[in-house]
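For reference, the chains in residue letters:
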Amino acid sequence: GRLKEGSRVSRFRVTKTDPPRIDPASEDVVLSFLGGGHNGGDLHFGPDGMLYISTGDAAGPNPPDPLNTGQDISDLLSSILRIDVD
């Protein structure tokens, strides 16, 4: 679901115009996670065709990772996520 505040990964439809344009009304939120402080948010396609997404720890720099989320595999924070877009 969508968070009021936070980070999200969304899918959009693209128009068939030249140049193509994103239709903002077509947003489909794929996943969302807590945001604030360090949010990460870098997106890249890997050579395997998967989408890789970095997430931050959702906290300020001092102390680093105060929620110990980098040690918790039950949440999406402090992670590199891999999504099969197909």
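Everything that follows concerns the structure shown earlier in this document.
None of the values given here were measured: they were computed from a predicted structure.

Quick notes on the rules
Residues numbered from 1 in each chain as written. Predicted model: local features only at pLDDT ≥ 70, side-chain atom pairs only at ≥ 80, totals over all residues. Heavy atoms only, no water. Pairing = 2+ DSSP bridges. Helix = DSSP H or I, 4+ residues; strand = E, 2+ residues; numbered from the N terminus. Axes fitted to C-alpha atoms, helices over the stretch in contact; angles between N-to-C directions. Contact = heavy atoms within 4.5 Å. Buried < 20%, exposed > 50% of the residue type's maximum accessible area, 1.4 Å probe, protein only. Salt bridge = Lys/Arg side-chain N within 4 Å of Asp/Glu carboxyl O.

Student: Tell me about the sheet that holds strand β4 (residues 51-55), and please be specific about residues and values.
Tutor: Across a sheet, strands are paired by hydrogen bonds formed along the backbone, either parallel or antiparallel in direction. If you walk across this open sheet you meet the 3 strands as β3-β4-β5, and the pairing is antiparallel. The sheet terminates laterally at β3 (40-45) and β5 (80-83), the two strands that pair on one side only. Each neighbouring strand pair of the sheet contributes to a mean axis angle of 20 degrees, computed without reference to strand direction. By the bridge criterion, 4 bridges tie β3 to β4 in an arrangement that is antiparallel. Across the sheet, the residue bridging to F45 is L51, located in β4.

Student: Residue-level account of the side chain of S7, with values.
Tutor: Inspection of the secondary structure puts S7 in strand β1 (residues 7-11). Ignoring any residue separated from it by four or fewer positions in sequence, one finds S7 in contact with L31, S32, F33, L34, G35 and N39.

Student: I'd like a rundown of unusual backbone geometry, residues and numbers included.
Tutor: Here D18 and P19 are connected by a cis peptide whose omega angle stands at 5 degrees. Following the sequence through the fold, P19 ends up in the loop between β1 and β2 (28-33). Positive phi, close to 55 degrees, is recorded for N68, a residue that is not glycine. For N68, the location among the structural elements is in the loop between β4 and β5. A positive phi angle, close to 50 degrees, is found at S78, a residue other than glycine. Positionally, S78 belongs in the loop between β4 and β5. Note on S78: relative accessible area 29%, which makes it partly exposed.

Student: Tell me about the pattern of salt bridges, and please be specific about residues and values.
Tutor: Applying the stated criterion across every chain yields a total of 2 salt bridges. The salt bridge partner of E27 is R8, with a shortest N-O separation of 2.9 Å. On the criterion of sequence distance, the pair formed by E27 in the loop between β1 and β2 and R8 in strand β1 is long-range, its members being 19 residues apart. Using a relative accessible area of 25% as the deciding quantity, one classes E27 as partly exposed. A residue is classified by how much of its surface remains accessible, and R8, at 42% relative accessible area, is partly exposed.

In short, shape yes, function no, at least from these values alone.
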